[in-house]
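Each chain, letter by letter, is given below.
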Amino acid sequence: MNETKKRLLLVDAPSYFYRAFHALPEFRSPSGEPTGAILGVVNMLRKLKQDFPSDYIAAVLDPKGKTFRDDIYPEYKATRQAMPEPLAVQIEPMIETIKALGWPVVCVDGVEADDVIGTLVRAASAQGWCSVISTGDKDLTQLVNDNVLWVNTMSGDRLDPAGVKGKFGVPPERIVDYLALIGDAVDNVPGVDKVGPKTACKLIEQYGSLEAVIEHAGEVKGVVGENLRRVKDWLPTGRQLLTVKTDVELPFEMESLLDKGADNAKLVELFTRFGFRTLRDAFLNKEDAPEGGDTPASLARGPAGGSSDEARAAGARSQQKTGRNFAILNAGIDQVADITPFVDTRRYETVLDDAALERWAAKMEAAPIGCFDTETTSLDPMLAEIVGIALAAMPGEGAYIPVTHRYAGAPAQLPLDKVLARLRAWLEDAGKPKVGQNAKYDRQVLANYGITVRGVEHDTLLQSYVLESHQRHDMDALATRFLGASGLLQYVDVAGKGASQIPFDQVDIERATAYAAEDADVTLQIHGALAPRIKRDAKLDRIYSQIEIPVSGVLLAMERNGVLIDGQQLARQGHELGQKMMELERRAHELAGGPFNLGSPKQLCEVLFTRLKLRTIKKTPSGAPSVDEEVLEKLAEDHPICGALLEHRGIAKLKSTYTDKLPRMVHPRTGRVHTNYAQAVAVTGRLSSTDPNLQNIPVRTAEGRRIREAFVAPAGSVIVSADYSQIELRIMAHLSGDASLVSAFARGEDVHRHTAAEVFDTPADQVTSEQRRYAKVINFGLIYGMSAFGLAQNLDIERSAAQSYMDKYFSRYPGVAQYMERTRKEARERGFVETVFGRRLWLPDIHSSNMARRQGAERQAINAPMQGTAADLIKVAMIAVQGWIEREKLATKLVMQVHDELVFEVPEHELNDVKANVEQLMMGVAKLDVPLLVEAGVGPNWEKAH
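Here goes a summary of the coordinates provided. (Residues numbered from 1 in each chain as written. Predicted model: local features only at pLDDT ≥ 70, side-chain atom pairs only at ≥ 80, totals over all residues. Heavy atoms only, no water.)

**Topic: the packing of helix α24 (residues 601-611) against helix α26 (residues 640-659)**
Relative orientation of the contacting elements α24 and α26 amounts to 160°, with a least axis distance of 12 Å. Considering the angle they form, α24 stands roughly antiparallel to α26. Only Ile641, Cys642, Leu645 and Arg649 of α26 make contact with α24, whose side of the interface consists of Leu604, Val607 and Leu608. By residue class, the composition of the contact of α24 with α26 is 6 nonpolar, no polar and 1 charged. (Axes fitted to C-alpha atoms, helices over the stretch in contact; angles between N-to-C directions. Helix = DSSP H or I, 4+ residues; strand = E, 2+ residues; numbered from the N terminus. Parallel < 35°, antiparallel > 145°, perpendicular 65-115°, else oblique. Contact = heavy atoms within 4.5 Å. Nonpolar A, V, L, I, M, F, W, Y, C, P; charged D, E, K, R; others polar.)

**Digging into the nonpolar core**
Core analysis: the largest hydrophobic core is formed by 115 residues, its most contacted members being Phe711, Tyr724, Met896, Phe904 and Met922. For this core, the leading source of residues is helix α35 (residues 851-887), giving 11 residues. Excluding its chain neighbours within four sequence positions, the residues that come into contact with Met896 are Met558, Val563, Tyr677, Leu694, Phe711, Glu901, Leu902, Val903 and Trp942. If you look at the next biggest cluster of nonpolar residues, it comprises 57 residues, including Ile133, Val144, Phe168 and Leu228. (Core = buried A, V, L, I, M, F, W, Y, C linked by side-chain atoms within 4.5 Å. Buried < 20%, exposed > 50% of the residue type's maximum accessible area, 1.4 Å probe, protein only.)

**Describing the layout of surface pockets**
Its boundaries defined by the atoms lining it, the second largest pocket holds a volume of some 1,300 Å³. Every element with two or more residues in the lining of the second largest pocket is listed here: β16 (688-690), α27 (702-708), β18 (717-724), α28 (727-736), α31 (769-783), α35 and β21 (893-898). Examining the composition of the lining of the second largest pocket, we find that 4 residues originate from one element, α35, more than from any other. (1 Å grid on protein atoms, 1.4 Å probe; cavity = no way out; pocket = protein on both sides within 12 Å on 5 of 7 lines; lining within 4 Å. Points joined across faces, edges and corners; volume = space filled by probe spheres on them.)

**Thoughts on the sheet that holds strand β6 (residues 157-159)**
In spatial order, the strands read β3-β2-β1-β4-β5-β6; together these 6 strands make up an open sheet with mixed pairing. Both edges of this open sheet fall to β3 (105-106) and β6, since each of them pairs with a single strand only. Taken together, the 4 bridges between strand β4 (residues 130-134) and strand β5 (residues 148-152) define a ladder with parallel strand orientation. Bridge pairing in β5 links Ile133 to Trp150. (Pairing = 2+ DSSP bridges.)

**Some remarks on the packing of aromatic side chains**
For any pair of aromatic rings, the description consists of the separation of the ring centres together with the inter-plane angle of the planes. Across all of its chains, the model carries 15 aromatic pairs by this definition. Taken together, a centroid distance of 6.1 Å and an interplanar angle of 65° make the contact between Phe168 and Tyr178 edge-to-face. With Phe168 in helix α6 (residues 161-168) and Tyr178 in helix α7 (residues 175-182), this pair connects stretches of sequence that are 10 residues apart. For the pair Phe168 and Tyr178, a shared accessibility class is recorded, and that class is buried. Relative to Trp426, the ring of Phe372 lies with its centre 6.4 Å away and its plane at 85°, an arrangement referred to as edge-to-face. On the criterion of sequence distance, the pair formed by Phe372 in strand β8 (residues 370-376) and Trp426 in helix α16 (residues 416-428) is long-range, its members being 54 residues apart. An aromatic cluster is present here, built from Phe271, Phe274, Phe276 and Phe283 joined pairwise through their rings. Positioned above the aromatic ring of Trp360, the side-chain terminus of Lys363 is 4.1 Å from the ring centre. Over the ring of Trp942 we find Arg708; its NZ or CZ atom is 5.3 Å from the centre of that ring. (Phe/Tyr/Trp six-rings, centres within 6.5 Å; stacked < 30°, edge-to-face > 60°. Lys NZ or Arg CZ within 6 Å of the ring centre and 35° of its normal.)

**Considerations on unusual backbone geometry**
Cis geometry is adopted by the peptide bond preceding Pro692, which originates at Asp691 and carries an omega value of 0°. Structurally, Pro692 is set in the loop between β16 and α27.

**Overview of the packing of helix α29 (residues 739-746) against helix α30 (residues 751-759)**
Two numbers describe how α29 lies on α30: the axes approach to 10 Å, and their chain directions differ by 140°. Taken together, the axes of α29 and α30 lie oblique to each other. Seen from above, α29 lies across α30 with right-handed handedness. Every residue of α30 that contacts α29 at Ser740, Leu741, Ala744 and Phe745 is listed here: Val751, His754 and Glu758. Its residues assigned to classes, the contact of α29 with α30 comprises 4 nonpolar, 2 polar and 1 charged. (Left-handed = near helix turned anticlockwise from the far one by under 90°.)

Take a look at the structure:
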């Protein structure tokens, strides 16, 4: 691009809005309005102007309502979700701020921002200017030429014609052909099924253009050819939808886009309103505001080491270690209290010889706290093999010890067994404090090599989770929020992505060092920023140091124990479920009057709404009648086919998720299934089971309960299931202090029968089973904030009757009503609620201008302390029980945690001891105003133990 020409700088504003919204934490102004997206966009625009000084500038918006593309194809963008309400409320003040920054804001009715950008670029070229388009939208690469540069500030891509060809495999003039073939899921423009980027490039390279591909469709072999011929008549329309217009009639002159500078007074007013203190001060009483950020973090940063094109390699790691590039967004993040300056010296060393290994081992042993991180071959820690180990002992320094990089020309590396032998003493010394980011993963990997890591006193993932459970906890997000760090390298920077991604052991060692050592260094620095925040709050410190860190070790043991699966039983059940699915399919065909594909929403709509004339309950975003589970449940009252469809779906899910999948997940070495328990997912503190998910096995149906029969004990052992009884209702009684509820639990009464007696004015011994069922729905419904409408739906009664039951409930349990009102008030005042143990549960929507969101947050405020306290209780119980098992040196294994239940594999000779002690330990972990009750069952399998 000719830098001597006048330059036009264009911003795809909708792209900026969404990227800023999803990248930054949810900030709020002093008055409670969300401002995170505004902050992100402000900093992105300021940095963009700094990087690309231009004569003319514009931020281009999409118009409201339909455009000409909707007339061509009514389904265009039909699958797009509505803008999130927290972002929608920021759009108006964001546009006001963009204008105050000096950016002309352009919007033309009836045409999208892309088309306005295309027209402006063409007009600029006609006047001999060059142009820069800042966007994340690959569609706009079709505009690139020698005078037009496409820039993605998030990825760092700056694409000229050669860059477009290198990135997509086709030149700019063939981008529309390429997109037409692969389709555009974002805009709901279909392409050719089974044609991805590689195949599209191959077709275009072979035939030259989309028109030629269509013309020679009969020559293309295989499934690609079949699919191509099926949609060849559509492809010209798809291409038309994806082609950016360059001839829009613009209602303004190009000179109106001249950069006239910022309105500093207006910006000071806006930044004061939003609470952007540093930005406000930057523009206060200054005629020429600086374009770069001046946060405490940026001012305190030391000299940067390493070059901008330095890449780092990342081994496969747990998902918590991935994140976005915040290089642009972090500048100016002044709403995060007490940002700890990032030490950006980046003195990173590759350890390739004995002397360097000895030096770093000694450095770790002498450090007050050291960080370790493994780079591996798999996200599954039980299968992962070590490729390298990263270490950090002080901020700004780090080391990477490669051990199994195998690419051609790789330098000689230290043997893995020698490295582990030298580091073992430090890793296994409980007196040497250590920190990691999701350290449980790295501990699992090292355990595969016989190393039991001890002394892991801190985990930055858990520190963030305890402080702000509602935020993101990946390393990059933490570095941005708490260090103001920018430009951290990503896995894709060194290993690539998609089909071109290479295994980590193929990554250049120098690049691997830049990444891996930075991981360890940044993690150590994040710990330095987060530890003091937790330490100064006694409640949070207790949650972190006495619950989350200890339970992480318990989860480590439980994951390694795994659970034994009877594969033959699952195979038999899978066969039976398959037979039942076939029978249900036959029944559905009979009821429909002919065969159809039960898995096809389109065919299902034709059967239900055209052939059978059933009522439409709701519609999908595309306007078609919905056939989701909620709709089928309502329509089941009108026609028996809907019941058959629901049952078929439920059985199909059981079969695919459990009977078919679980046997394939058995570990080849242990013969067991090893799930992963994630601590930092649910905002309430609940654990999350994944790969496989053992917490969502449905137990309301006979088929679902039979799945649990396949979870078995080995010969000579039994399964013991210990479950807290009615734990959330007991916590409600404790939190509310309601005398009647507390008394009922203290006397050991059936609380549902007690509630039925109160609500229906009936002696407890005369309560019917139907009245008790109603009372159970009321008890659990109200602690989840259920409305009269919801209660009426659940009980299938009139709303007035449901309201009457609720009124009677609260009159008999006034303490519950008072607790609910008190909790709502505290949530509105503080923005969070707390568990009995002091865990902080944030409610981002408690001040939402959207009534539905606000009411949802209020319901969450009532229930979260109960769910959170139950989560804390089961974690404390796990710590107590596992500690007892280890002290007694028992062979018993804790193998699963599901909701309020612990599942054990117990040798028969330990059964009596375990059953008695587990019950007492679980009931004794906390003193509430009501007694905790644990019910333990025994059986040869999980189902029989209930």
